[in-house]
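Chain residues, written in single-letter form:
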Amino acid sequence: MQPDYRDHLRRQIDFLQRSADAFDAGYIHEAVRIATTIRVLIHNTASSVSLLKHLNAMTISLLSSCDAPSQNALQYIGLAVQQLKNDGSTIKATYAPLLDGPVKIYVPVSKWWDMIVYVLHPGVRLSRRKIILTAANKDGGAHVDSKLTPEYEALARPGSVGYFMSSVGGTTNVRPLTDAHYVAVRQMAYELLNSPELLTCR
């Protein structure tokens, strides 16, 4: 029986939305399931065909919520933002996905997939592809590996994208920003869920 690829796409988009909602509710490890869904949608190998390729949709445009950094960028954070939340008694810093940020450009699937979205330093540049495949293939999305890629480990390390400093009563507190790898994956889910050409393939 011929698979109904449009039905499969509707199912994967539903998975993506449910996992995004769970992440936003505080279940940040849902990011690895987001990564697995994105891999199913986009990643092609010699032995595996992506859902978009089955649908002859590899030339559609996807939303990118960041520009690509310059080749000589020393540092670049493309998919997230530091936020300060004040509940009246304390100020809490969080590292969160951009979601509906200022940049909205539409690029072909291949460019979206391979675009550099993080530069931690000149020797560590991460594309969406590198982040998603490591999360899905090594960090528990579809498989758990004893070793992650060095670039992904660097992004996952507390403080990889900076620190939050606060001063209370003359004492300065420094706290590393964390979970940058999961935040990046959540922002990619936002991009796909807000890509009109992808949604009309359903």
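Everything in this summary refers to the structure shown in the same document.

Cut-off values and rules
- Residues numbered from 1 in each chain as written.
- Predicted model: local features only at pLDDT ≥ 70, side-chain atom pairs only at ≥ 80, totals over all residues.
- Heavy atoms only, no water.
- Helix = DSSP H or I, 4+ residues; strand = E, 2+ residues; numbered from the N terminus.
- Rg over C-alpha atoms; globule rule 2.2 N^0.38 Å.
- Buried < 20%, exposed > 50% of the residue type's maximum accessible area, 1.4 Å probe, protein only.
- Contact = heavy atoms within 4.5 Å.
- Areas by Shrake-Rupley, 256 points an atom, 1.4 Å probe, with all protein chains shown as cover.
- Pairing = 2+ DSSP bridges.
- 1 Å grid on protein atoms, 1.4 Å probe; cavity = no way out; pocket = protein on both sides within 12 Å on 5 of 7 lines; lining within 4 Å.
- Points joined across faces, edges and corners; volume = space filled by probe spheres on them.
- Nonpolar A, V, L, I, M, F, W, Y, C, P; charged D, E, K, R; others polar.
- Salt bridge = Lys/Arg side-chain N within 4 Å of Asp/Glu carboxyl O.
- Core = buried A, V, L, I, M, F, W, Y, C linked by side-chain atoms within 4.5 Å.
- Axes fitted to C-alpha atoms, helices over the stretch in contact; angles between N-to-C directions.
- Polar contact = N/O pair within 3.5 Å; in protein donor to acceptor, adjacent residues only side chain to side chain.

The next point concerns the overall build of the chain. Per the secondary structure count, the chain includes eight helices and nine strands. A compact globule built from 202 residues would reach a C-alpha radius of gyration of about 17 Å, and the chain, at 18 Å, matches this within 12%. Taken over the C-alpha atoms alone, the chain extends approximately 70 × 35 × 35 Å along its principal axes. Residues classed as buried in the chain amount to 44% of the 202 residues present. Restricting to contacts in the chain with at least 6 residues of sequence separation, those with at least 24 account for 62%. For the chain, the accessible surface area stands at approximately 10,600 Å², while carbon and sulfur atoms represent 52% of it.

What follows deals with the pairing of strand β7 (residues 124-127). Both faces of β7 are covered, namely the face carrying V124 and L126 and the face carrying R125 and S127. Across four bridges, the pairing between strand β6 (residues 116-121) and β7 is antiparallel. Bridge assignment links Y118 to a residue of β7, and that residue is L126. Connecting β6 to the next strand, β7, in antiparallel fashion are two residues.

Time to look at the layout of surface pockets. A volume near 390 Å³ is recorded for the largest pocket. Surrounding the largest pocket, 20 residues form its lining, F23, T94, Y95, A96 and P97 being those nearest its centre. Every element with two or more residues in the lining of the largest pocket is listed here: α1 (5-24), β3 (80-86) and β4 (91-97). Here the element with the most residues in the lining of the largest pocket is β4; it accounts for six residues. When the residues that make up the lining of the largest pocket are grouped by side-chain class, the tally is eleven nonpolar, four polar and five charged.

Right, let's talk about the pattern of salt bridges for a bit. All told, the structure shown has nine salt bridges when counted by the stated rule. Across the pair D114 and R129 runs a salt bridge whose closest N-O atoms are separated by 2.7 Å. Within this pair, whereas D114 is found in helix α4 (residues 109-114), its partner R129 is found in helix α5 (residues 128-137), the two being separated by 15 residues in sequence. Of the charged contacts, one joins E191 and R128 as a salt bridge, the two residues approaching to 2.9 Å between their closest N and O atoms. Separated by 63 residues along the polypeptide, E191 in helix α7 (residues 180-193) and R128 in helix α5 bring together distant segments of the chain. Judged on exposure class, the residue E191 and its partner R128 are both buried. Salt bridges here are not isolated pairs; linked through shared partners, they connect D7, R10 and R11.

Taken as a class, soluble globular proteins show a tendency for nonpolar side chains to be buried jointly. Counting residues in hydrophobic clusters, the biggest one holds 56 residues, and the most contacted among them are I38, I42, W112, Y118, I131 and L192. Tallying contributions element by element places α7 first for this core, with nine residues. Leaving out residues up to four positions away in the same chain, I131 has contacts with V117, Y118, L126, Y152, L155, H181, A184, V185 and M188.

Spatial ordering of the open sheet is given by β2-β6-β7, a layout of three strands whose pairing is antiparallel. Each edge of the open sheet is held by one strand with a lone partner, namely β2 (76-77) and β7. Along the sheet, α5 contacts β6 and β7; its crossing angle with β7, the most-contacted strand, is approximately 80 degrees.

So, on to the side chain of S50. Structurally, S50 can be placed in the loop between α2 (31-42) and α3 (51-54). In this structure the side chain of S50 is engaged in a polar contact, spanning 3.1 Å, whose partner is the backbone nitrogen of K53. Ignoring sequence-local partners within four residues, the contact set of S50 consists of V40, L41, I42, H43, N44 and M58.

All right, on to the pairing of strand β1 (residues 61-64) then. Covered by surrounding structure in β1 are S61 and L63 together with L62 and S64, the residues of both alternating faces. Across four bridges, β1 lies against strand β5 (residues 105-108) in antiparallel orientation. Along β5, the bridge assignment pairs L63 with Y106.

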